[in-house]
There are 2 protein chains.
Amino acid sequence: MTDAPDPQRSTRDQILDEALKCFAERGYDGTSLNDIAAGVGIRRPSLLHHFPSKESLYEDLFERLLSDWMQRLEASIASPVSGWDKAELVLRAGFALFADTPDYVRIMRREALDGGGHLGIDLSAVLKPLFDSAVVYFDEQMRNGTFRTHDSRHLLITGYGAILTYFSDAPFIDELLEDKALTAQNVHDHCEHVIGFFRAALLN
Amino acid sequence: MTDAPDPQRSTRDQILDEALKCFAERGYDGTSLNDIAAGVGIRRPSLLHHFPSKESLYEDLFERLLSDWMQRLEASIASPVSGWDKAELVLRAGFALFADTPDYVRIMRREALDGGGHLGIDLSAVLKPLFDSAVVYFDEQMRNGTFRTHDSRHLLITGYGAILTYFSDAPFIDELLEDKALTAQNVHDHCEHVIGFFRAALLN
DNA sequence: ATCACTACCTACCAGTAGGTAGGCAAATGA
DNA sequence: TCATTTGCCTACCTACTGGTAGGTAGTGAT
């Protein structure tokens, strides 16, 4: 009540927000319902009034995460640009998306690490259509001669790793770069670098 | 005794082996001392006879991991090769190292994700000297004109992400590629791809 | 033989996890 | 107005956590 009133967002949404933060920070096992409830300013049983169990809370959260991402990604994927410009557009959209939702990235990474552990949701099954259509696109560009020849599938894995890691391992990377936090400037710099790197590898 | 005798390795080493497997698979919080003890075929108190606490077990494990890696990496780094050949050599050594010790990779990734959470060990401080000397090397090659110009620091981050991810997120990636497990063939394919990709981006 | 030591055990501890039961007060709607 | 519903609470449950106490069988040295 006195802690974090915010009459705007419903308690349910506040719980989802706090759970997102906690799960991203300390993982599923490392987060207790008490932690989340305390963050919202209520007791654990009150939290369980809104979500029947810890697992269902996580499921709801993860579903929201996935649909948010798919929605935003599909917008940029559907754009009519073509050739390198399209790759650059999607790359930039991905960066913007990740920079906007760094907690999502860390949860995603944990999920990939655990191999869909706690959850019934098969992450790769959801992403596979996107992956496959990207493969088709790259293969086409390579046949065209627009892009240099690489193995599209491995290329996409490499890109996935390069981009996701920058956000998921942010604290570690920041220390390596002696540069604090995911500032807008740093994100921008890394985005430009990745785009330049991929352009150098793909274009003649 | 009847379960997993193996008179070769000491109980202590068996515990470290099992702990490595469990921590890599389910993380620090997701692993209980009972899990580890059961894997070895002893009771929890017996495990705590060999290690004073869960945390100290993890510390011992992590220190062994780090020293193993540093030892193997420094061998390839110290080699007198130069130019692109050196980059390729280190890249191949890194791949071989990761392929040999996939559980180490996953623990490392968890550690990077948590930002050195459970432990006093500062991972980035240990790796920073290597990182910095790699930066010096790349900067030199770029001044030479041996490599195309990129931002060395970001380049290394990109490479780190690209390689580590392939191993840390293996289960997820395998499903995406519709190809089971980290077979020697798959690791080899991806290694060749990454090397080809980096060569294309770095050499004219 | 006895002492000390190692490696294991059972039994227990306090603390915390997720989850349930039931009560109370404010809002809601007929 | 009065019943219902909503949102929160305290109190409690069982299961399991990391860790301790104390005991025992086997071993090797004196």
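Not measured: the values here are computed from a predicted model.

Asker: Would you take a moment to explain the protein's contact with DNA strand C for this structure?
Answerer: Inspection of the region around DNA strand C gives 16 residues, with Arg 44 and Lys 54 of chain A together with Arg 43, Ser 46 and His 50 of chain B positioned closest. The sugar and phosphate moieties of DNA strand C supply 52% of its atoms located within 4 Å of the protein. The separation between a phosphate oxygen of DNA strand C and a polar main-chain atom of Arg 43 of chain B is 2.7 Å. Those elements that place two or more of their residues in the surface near DNA strand C are helix 2 (33-40) and helix 3 (44-50) of chain A together with helix 3 (44-50) of chain B. Here the element with the most residues in the surface near DNA strand C is helix 3 of chain B; it accounts for 4 residues.

Asker: Quick question: what am I supposed to make of the nonpolar core here?
Answerer: Nonpolar side chains in soluble globular proteins tend to be buried together. Counting 118 residues, the largest nonpolar core has Ile 36, Leu 57, Ile 107 and Phe 198 of chain A together with Ile 36, Leu 57 and Ile 107 of chain B as its most contacted members. Excluding its chain neighbours within four sequence positions, the residues that come into contact with Leu 57 of chain A are Ile 15, Leu 16, Ala 19, Leu 33, Ile 36, Leu 47 and Phe 51 of chain A.

Asker: I keep staring at the relation of the copies chain A and chain B and nothing clicks. Help me out?
Answerer: One copy of the chain maps onto the other through a rotation about an axis followed by a shift along the same axis. Superposing chain A onto chain B takes a rotation of 180° combined with a translation of 0.0 Å along the rotation axis, leaving an RMSD of 0.1 Å. Expressed as a symmetry operation, the mapping of one chain copy onto the other fits a two-fold axis. Every residue of chain A has its C-alpha some distance from the rotation axis, and the shortest such distance is that of Ala 201 of chain A, at 2.0 Å. Comparing interface residues between copies, 100% of those in chain A also lie at the interface in chain B; the contact surface is shared.

Asker: What exactly am I supposed to notice about the interface of chain A and chain B here?
Answerer: Taken together, the 49 residues of chain A in the interface contact 49 residues of chain B. A combined buried area of about 4,500 Å² lies between chain A and chain B, and 68% of that area is made up of carbon and sulfur atoms. For chain A, the biggest contributors to the area lost against chain B are Leu 113, Phe 172 and Phe 197 of chain A; these three give 17% of the whole. Taken together, the links from chain A to chain B amount to 6 salt bridges. The partner of Asp 169 of chain B in a salt bridge is Arg 109 of chain A, with the nearest N and O atoms 2.6 Å apart. Remark: the boundary between chain A and chain B carries 21 residue pairs in polar contact (both at pLDDT 80 or more). Among the elements that line the side of chain A that touches chain B, the one with the most residues is helix 8 (residues 152-168) of chain A, at 11 residues. Considered class by class, the residues forming the side of chain A that touches chain B number 20 nonpolar, 13 polar and 16 charged.

Asker: What's the story with the protein's contact with DNA strand D in this structure? I'm lost.
Answerer: Surveying the vicinity of DNA strand D reveals 16 residues, the closest of which are Arg 43, Ser 46 and His 50 of chain A together with Arg 44 and Lys 54 of chain B. Ser 32 of chain B places a side-chain nitrogen or oxygen 3.4 Å from a phosphate oxygen of DNA strand D. Contact between DNA strand D and Leu 33 of chain B: a phosphate oxygen at 3.0 Å from a main-chain N or O atom of the residue. Every element with two or more residues in the surface near DNA strand D is listed here: helix 3 of chain A together with helix 2 (33-40) and helix 3 of chain B. With 4 residues, helix 3 of chain A is the single largest residue contributor to the surface near DNA strand D.

Asker: Honestly, the pattern of salt bridges in this entry has me stumped. Any pointers?
Answerer: As a working rule, side chains carrying opposite charge can pair if their charged atoms are close by. Residue and element names in this part refer to chain A. One pass over the full model with this rule turns up 31 salt bridges over all chains. Between Arg 92 and Glu 192 there is a salt bridge, and its shortest N-O distance comes to 2.7 Å. One end of the pair, Arg 92, is in helix 5 (residues 84-100); the other, Glu 192, is in helix 10 (residues 184-202), with 100 residues separating them in the sequence. On the basis of relative accessibility, which here comes to 31%, the residue Arg 92 falls in the partly exposed class. Each of the salt bridges in this network shares a partner with another, and the network as a whole consists of Arg 9, Asp 13, Asp 17 and Arg 64.

Asker: It is not clear to me how the domain arrangement of chain A should be interpreted in this structure. Could you clarify?
Answerer: Accessible area lost on assembly of the parts is the figure often given for the size of an interface. All names here are of chain A. As far as domains go, chain A holds domain 1 (1-52) and domain 2 (64-202). In this structure, domain 1 and domain 2 have C-alpha centres spaced 29 Å apart. Summed over both partners, the interface of domain 1 with domain 2 buries about 790 Å², with 57% contributed by carbon and sulfur atoms. The largest contributions to the domain 1 side of the interface with domain 2 come from Leu 20, Ala 24 and Tyr 28, which together make up 56% of the buried area. On inspection of domain 1 and its partner domain 2, the count reaches 2 salt bridges. The tally of links from domain 1 across to domain 2 stands at 4 residue pairs in polar contact (both at pLDDT 80 or more). Its residues placed into classes, the side of domain 1 that touches domain 2 shows 5 nonpolar, 1 polar and 5 charged.

Asker: How should the packing of helix 1 (residues 11-30) of chain A against helix 4 (residues 54-77) of chain A be read in this particular structure?
Answerer: The relative placement of two packed helices is expressed as an angle between their axes plus a distance between the axes. Residue and element names in this part refer to chain A. Between helix 1 and helix 4, the shortest axis-to-axis distance is 10 Å and the interhelical angle comes to 95°. In terms of orientation, helix 1 and helix 4 fall into the roughly perpendicular class. Counting all contacts with helix 1, which are made through Arg 12, Ile 15, Leu 16, Asp 17, Ala 19, Leu 20, Phe 23, Tyr 28 and Asp 29, the residues of helix 4 involved are Lys 54, Glu 55, Leu 57, Tyr 58, Asp 60, Leu 61 and Arg 64. Residue composition of the contact of helix 1 with helix 4, grouped by class: 9 nonpolar, no polar and 7 charged.

Procedures and definitions
- Residues numbered from 1 in each chain as written.
- Chains lettered and ligands numbered in written order.
- Predicted model: local features only at pLDDT ≥ 70, side-chain atom pairs only at ≥ 80, totals over all residues.
- Heavy atoms only, no water.
- Near = heavy atom within 4 Å.
- Polar contact = N/O pair within 3.5 Å; in protein donor to acceptor, adjacent residues only side chain to side chain.
- Helix = DSSP H or I, 4+ residues; strand = E, 2+ residues; numbered from the N terminus.
- Core = buried A, V, L, I, M, F, W, Y, C linked by side-chain atoms within 4.5 Å.
- Buried < 20%, exposed > 50% of the residue type's maximum accessible area, 1.4 Å probe, protein only.
- Contact = heavy atoms within 4.5 Å.
- Least-squares fit on C-alpha atoms with pLDDT ≥ 70 in both.
- Buried area = accessible area lost by both parts, 1.4 Å probe.
- Salt bridge = Lys/Arg side-chain N within 4 Å of Asp/Glu carboxyl O.
- Nonpolar A, V, L, I, M, F, W, Y, C, P; charged D, E, K, R; others polar.
- Domains from an automatic or database assignment.
- Axes fitted to C-alpha atoms, helices over the stretch in contact; angles between N-to-C directions.
- Parallel < 35°, antiparallel > 145°, perpendicular 65-115°, else oblique.

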